[in-house]
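Residue-level listing of the chains:
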Amino acid sequence: MTKAFKTLDDMGEVSGKRVLVREDLNVPMADGAVTDDTRLRATLPTVTELADRGAIVLILAHYGRPKGVPSPDMSLAMLARPYSHVLGREVRYIDWEGAEEAVATLQPGDIAILENTRFFGGEEKNDAAVVERFARLGDLYVNDAFSAAHRAHASTEGLAHVLPAFAGRAMEAELDALEKALGKPEHPVAAVVGGAKVSTKLDVLKHLVTRVDHLIIGGGMANTFLAARGVNVGKSLCEHDLTGTADEILDAADRANCTVHLPYDVVVAKEFRANPPVRTINVHEVAADEMILDVGPSAVEALGDVLKNCRTLVWNGPLGAFETAPFDVATVSLARTAAALTQDGSLVSVAGGGDTVAALNQAGVADRFTFVSTAGGAFLEWMEGKDLPGVAALIRG
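Remember, predicted model here, so these are calculated numbers, not experimental data. (Residues numbered from 1 in each chain as written. Predicted model: local features only at pLDDT ≥ 70, side-chain atom pairs only at ≥ 80, totals over all residues. Heavy atoms only, no water.)

1. Some thoughts on the pattern of salt bridges
This structure, assessed with the given rule, holds 17 salt bridges. Between arginine 89 and aspartate 52 there is a salt bridge; the shortest N-O distance is 3.0 Å. One end of the pair, arginine 89, is in the loop between α3 (80-87) and β5 (92-94); the other, aspartate 52, is in helix α2 (residues 44-52), and 37 residues separate them in sequence. On the basis of relative accessibility, which here comes to 28%, the residue arginine 89 falls in the partly exposed class. Note on aspartate 52: relative accessible area 58%, which makes it exposed. Connected through shared salt-bridge partners, Asp9, Glu49, Arg53, Arg169 and Glu172 make up one network. (Salt bridge = Lys/Arg side-chain N within 4 Å of Asp/Glu carboxyl O. Helix = DSSP H or I, 4+ residues; strand = E, 2+ residues; numbered from the N terminus. Buried < 20%, exposed > 50% of the residue type's maximum accessible area, 1.4 Å probe, protein only.)

2. Here's the deal with the pairing of strand β10 (residues 214-217)
Judged by which residues are buried, β10 turns out to be covered on both faces: His214 and Ile216 on one side and Leu215 and Ile217 on the other are all buried. Sheet topology places strand β9 (residues 189-193) next to β10; four bridges connect them, and they run parallel. Residue pairing for β10: alanine 190 is matched across the bridge by histidine 214. For the crossover that starts at β9, traverses helix α7 (residues 202-208) and ends in the parallel β10, the hand is right-handed. One ladder, built from three bridges, connects β10 with strand β11 (residues 259-261); its direction is parallel. Bridging from a neighbouring strand, isoleucine 216 pairs with histidine 261 of β11. (Pairing = 2+ DSSP bridges. Right-handed = clockwise from strand over helix to strand, strands pointing away.)

3. A word on the sheet that holds strand β13 (residues 278-282)
The three strands are arranged β13-β12-β14 in an open sheet whose pairing can be described as antiparallel. Whereas interior strands pair on both sides, the edge strands pair on one side only; in this sheet they are β13 and β14 (291-295). Put simply, the sheet's adjacent strands are angled 40° from each other on average, direction ignored. As paired elements, strand β12 (residues 265-269) and β14 share four bridges and run antiparallel to each other. Note that in β14 the partner of alanine 269 across the bridge is methionine 291. (Axes fitted to C-alpha atoms, helices over the stretch in contact; angles between N-to-C directions.)

4. Brief notes about the UniProt feature "binding site: ATP" (unreviewed entry) in the chain
Under the UniProt annotation, the feature "binding site: ATP" (unreviewed entry) is placed at Lys201, Glu323, Gly353, Gly354, Asp355 and Thr356. Restricting the annotated residues just mentioned to those that line the largest pocket leaves Gly353 and Gly354. Its place among the elements puts glutamate 323 in the loop between β15 (312-316) and α11 (329-344). Looking at where threonine 356 falls in the secondary structure, it is placed in helix α12 (residues 354-363). Overall, threonine 356 belongs to the buried group, its relative accessible area being 3%. (UniProt positions renumbered as here; feature names shortened; annotations may be inferred. 1 Å grid on protein atoms, 1.4 Å probe; cavity = no way out; pocket = protein on both sides within 12 Å on 5 of 7 lines; lining within 4 Å.)

5. Some details on the layout of surface pockets
Counted as a void, the largest pocket has a volume near 830 Å³. Taken together, 31 residues make up the lining of the largest pocket; nearest its centre are Thr38, Ala42, Val372, Ser373 and Thr374. Across the lining of the largest pocket, the residue classes tally to 13 nonpolar, eleven polar and seven charged. One number sums up the size of the second largest pocket: a volume of about 650 Å³. Looking at the lining of the second largest pocket, the elements that each hand over two or more residues are α6 (169-183) and α14 (389-396). (Points joined across faces, edges and corners; volume = space filled by probe spheres on them. Nonpolar A, V, L, I, M, F, W, Y, C, P; charged D, E, K, R; others polar.)

6. With respect to the nonpolar core
Grouped together as the largest cluster of nonpolar side chains are 81 residues, with contacts concentrated most on Phe146, Leu215 and Trp382. Once you skip the residues sitting within four places of it in the chain, tryptophan 382 turns out to touch Phe146, Leu178, Ala181, Leu182, Val314 and Leu388. By size, the runner-up hydrophobic cluster in this structure holds 29 residues, among which are Val27, Tyr63, Val86 and Ile113. (Core = buried A, V, L, I, M, F, W, Y, C linked by side-chain atoms within 4.5 Å. Contact = heavy atoms within 4.5 Å.)

7. A word on a negative patch on the surface
A cluster of acidic side chains, namely Asp247, Glu248, Asp251 and Asp254, defines a negative patch on the protein surface. With respect to the helices and strands, the residue aspartate 254 is situated in helix α9 (residues 243-255). (Patch = residues over 30% accessible without salt bridge, like charges linked within 9 Å, V, L, I, M, F, W, Y side chains within 5 Å. Areas by Shrake-Rupley, 256 points an atom, 1.4 Å probe, with all protein chains shown as cover. Lys, Arg positive; Asp, Glu negative; His and termini not counted. Charge placed at Lys NZ, Arg CZ, Asp CG, Glu CD.)

Written out as structure tokens, the structure is:
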């Protein structure tokens, strides 16, 4: 199948060529040590392939928010050693001062991390002078950082217009998965959208009702929809001022023949803490001093039956307050159902978002979904149907 963007397979001979590779190395650190190397490991397919093909690999990345002011505690120099350990080969660090001379000393197969791109104030403004400064260091450009693709920065968008541009392996995998999930999915399509507030995912919900057959709403935002339908949700988290908007979304779903699934049995408690006294009740039986903290077992079983009749699933957000037991039961149960269906080959499952990844890991099924994105903001904007500048530049290129 012909892709809308060029990949490493389209680069031709790269031996001896300088390849600028935009990666996401914005990893959590404590006392100078990387505490989670997930993002470092995600770069391996692209960086090792290019180095093995004889390219001079120059990694562009940001760290933190220096806003154009260089700072030692946000220097990528501190990542050269841990990144070398992950790659299993030497990685050099190159400061912007004297960068061109330093790059000229590199040999085919060498890998180097360039200093924090955000040490330039014009990086986040996509300034032409910064784009040109980056471009002078390379012959080809690879964007492998989907997580930064929703930003039109010099290193994520601008370079794609001045150098031959390609998608890296991680970017390619992400775009392929998203295309299967909402671009050209196999129907019926279900979407699970959870989270605390409707207000943070209004655009997601408005877009999804026009694209999916089943919209499963969970988390605190489900309470706002229940309230819009006249349900007394007690002291549950609820945006009562958005019930009118919830009604509009429900009406739009009706017009699009999208079935919206709200919980009809729920787990409630009078206080939000670990393992308080709880009741599992019909949603119409919530007392004034109770709060809804999870979807009930009957509703979860019914949602599992919905997924069994679907071919594609997009998941963003938990069904309940999953971080606190016992309010993780619904999320874990439905996630395991989705994982089993995926393993059986009957469901394409794509999930993303920080809370979602954490919830799937808690359920022990993250590696059993078709694809789990760690992109966060970019994944959310994709679910909103927005144009991602870093992706659009690759397609136009």
